[in-house]
Amino acid sequence: WTYHNPDGEIQISNSSFRMSTTLPSLAGIRNDEFSLGNKITINNNSFLLNLARYGIYSYGLEQAQIRQNDVSMNNNSNIGGIYAAYSSKNTYKCNSVYALQTYATRQFGFGFTLSRANSVQCNYTDKQYYGIRFLGSCIGTNLAGNNFHNHNYGLSLNFNGLIGTQYNAGNNWTGSYT
């Protein structure tokens, strides 16, 4: 599906995505934005990944709202629940990413690559190798009120990962691997 109206609003809400159990796929929702100016909201959706790599995959997205989504990871094909590359000034709030178990060392709940000034608040991650992973400069990130549960690494900054100064903003690390 392609949408090229820079004045339009895109809202994906209250949907259930059950990915294929026989054919691999990239994501339940993939959005490539590159600053067209659309107001994008992805809200209150559920994802069962099966053979999909990601629940929500964003590339070049700006000023979007990704809120209250539930992603269930259930096998080794799953790489990330919610992933953003080159995506800035977005809000990721009150999302939950669960895995039945830790399947692979590349797996993460939330992943950000070269994505600046995002607000990552009140999210929940459990049983991925990485809870929230930042790769490269993600300066200006507001990381607040997130819950990191059973992970090998709850928060990971890799490949010169930078998120900016963080103050005690109510992030919680619980579980057996954090």
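The following paragraphs examine the structure supplied in this document. (Residues numbered from 1 in each chain as written. Predicted model: local features only at pLDDT ≥ 70, side-chain atom pairs only at ≥ 80, totals over all residues. Heavy atoms only, no water.)

Quick look at the sheet that holds strand β8 (residues 70-73)
Note the cut-off: Only when DSSP finds a minimum of two bridges between them are two strands counted as paired. Secondary structure elements are defined from DSSP: runs of H or I of at least 4 residues count as helices, runs of E of at least 2 residues count as strands, and each element is numbered from the N terminus.
Read across the sheet, 7 strands follow the order β2-β5-β8-β11-β14-β17-β19 without closing on themselves; strand pairing throughout is parallel. Either end of the sheet is taken by a strand with one partner, and the two such strands are β2 (16-18) and β19 (172-173). Bridge count for strand β14 (residues 124-126) against strand β17 (residues 147-148) is 2 bridges, and the pairing is parallel. Residue pairing across strands places T125 opposite F148, the latter belonging to β17.

A closer look at the state of the cysteines
Using the following cut-off: For this text, the term disulfide refers to a pair of cysteine sulfurs within 2.5 Å.
Inspection of every chain in the model, using the stated rule, returns 0 disulfides. Of all cysteine sulfurs, the one in C94 lies closest to C122, which takes part in no disulfide; the gap is 4.8 Å. In this model C138 remains outside any disulfide bridge; the closest cysteine sulfur is found in C122, 19 Å from its own.

Re the sheet that holds strand β13 (residues 119-121)
Going by this rule: Think of each axis as a best-fit line through the C-alpha atoms, taken over the contacting stretch in the case of a helix, with angles from 0 to 180 degrees between the N-to-C directions.
Read across the open sheet, the 6 strands follow the order β1-β4-β7-β10-β13-β16; overall the sheet is parallel. The sheet is open, and its two edges are formed by β1 (9-13) and β16 (142-144), each paired on a single side. Put simply, the sheet's adjacent strands are angled 5° from each other on average, direction ignored. As defined by bridge partners, strand β4 (residues 39-43) adjoins strand β7 (residues 65-67) across 3 bridges and the pair is classed as parallel. If you follow N43 over to β7, its bridge partner there is R67.

A closer look at the pairing of strand β12 (residues 108-113)
Put simply, the rule reads: When a residue's accessible area, from a 1.4 Å probe over protein chains only, is under 20% of the maximum for its type it is buried; when over 50% it is exposed; and in between it is partly exposed.
Burial analysis of β12 places 6 of its 6 residues in the buried class, which makes it a mostly covered element. Sheet analysis places strand β9 (residues 80-85) next to β12, joined by 5 bridges and oriented parallel. Residue pairing in the sheet places I82 in a bridge with F110 of β12. Bridge count between β12 and strand β15 (residues 130-137): 5 bridges; the pairing is parallel. Note on β15: the bridge partner recorded for T113 is L135.

Examining the pattern of salt bridges
Worth spelling out the cut-off: By convention in these notes, a salt bridge is any Lys or Arg side-chain nitrogen within 4 Å of a carboxyl oxygen on Asp or Glu.
Applying the stated criterion across every chain, the model contains 2 salt bridges. Of the charged contacts in the structure, one is a salt bridge between R30 and D32, with a shortest N-O distance of 3.1 Å. For D32, a relative accessible area of 40% translates into the label partly exposed. Residue K127 pairs with D126 through a salt bridge whose shortest N-O separation is 3.9 Å.

Here we look at the packing of aromatic side chains
How we decide: In this analysis, rings of Phe, Tyr and Trp, with Trp reduced to its six-membered ring, are considered paired at centre separations within 6.5 Å, and the interplanar angle assigns stacked below 30 degrees, edge-to-face beyond 60, and tilted for intermediate values. A positively charged side chain is recorded as over a ring if its NZ (Lys) or CZ (Arg) lies within 6 Å of the ring centre. The angle to the ring normal must also be within 35 degrees.
This structure, assessed with the given rule, holds 14 aromatic pairs. When the ring of Y59 is compared with that of Y86, the centres are 5.4 Å apart and the planes differ by 65°; the resulting orientation is edge-to-face. You can see Y59 sitting in strand β6 (residues 52-59) and its partner Y86 sitting in the loop between β9 and β10 (91-93), a full 27 residues away along the chain. When its relative accessible area of 45% is taken as the criterion, Y86 is described as partly exposed. Aromatic ring contacts, followed pair by pair, group Y54, Y57, Y83 and F108 into a single cluster. Lying across the ring of Y130, R133 places its NZ or CZ 4.1 Å from the centre.

So, to be careful, I would describe these as geometric facts and stop short of saying anything about function.
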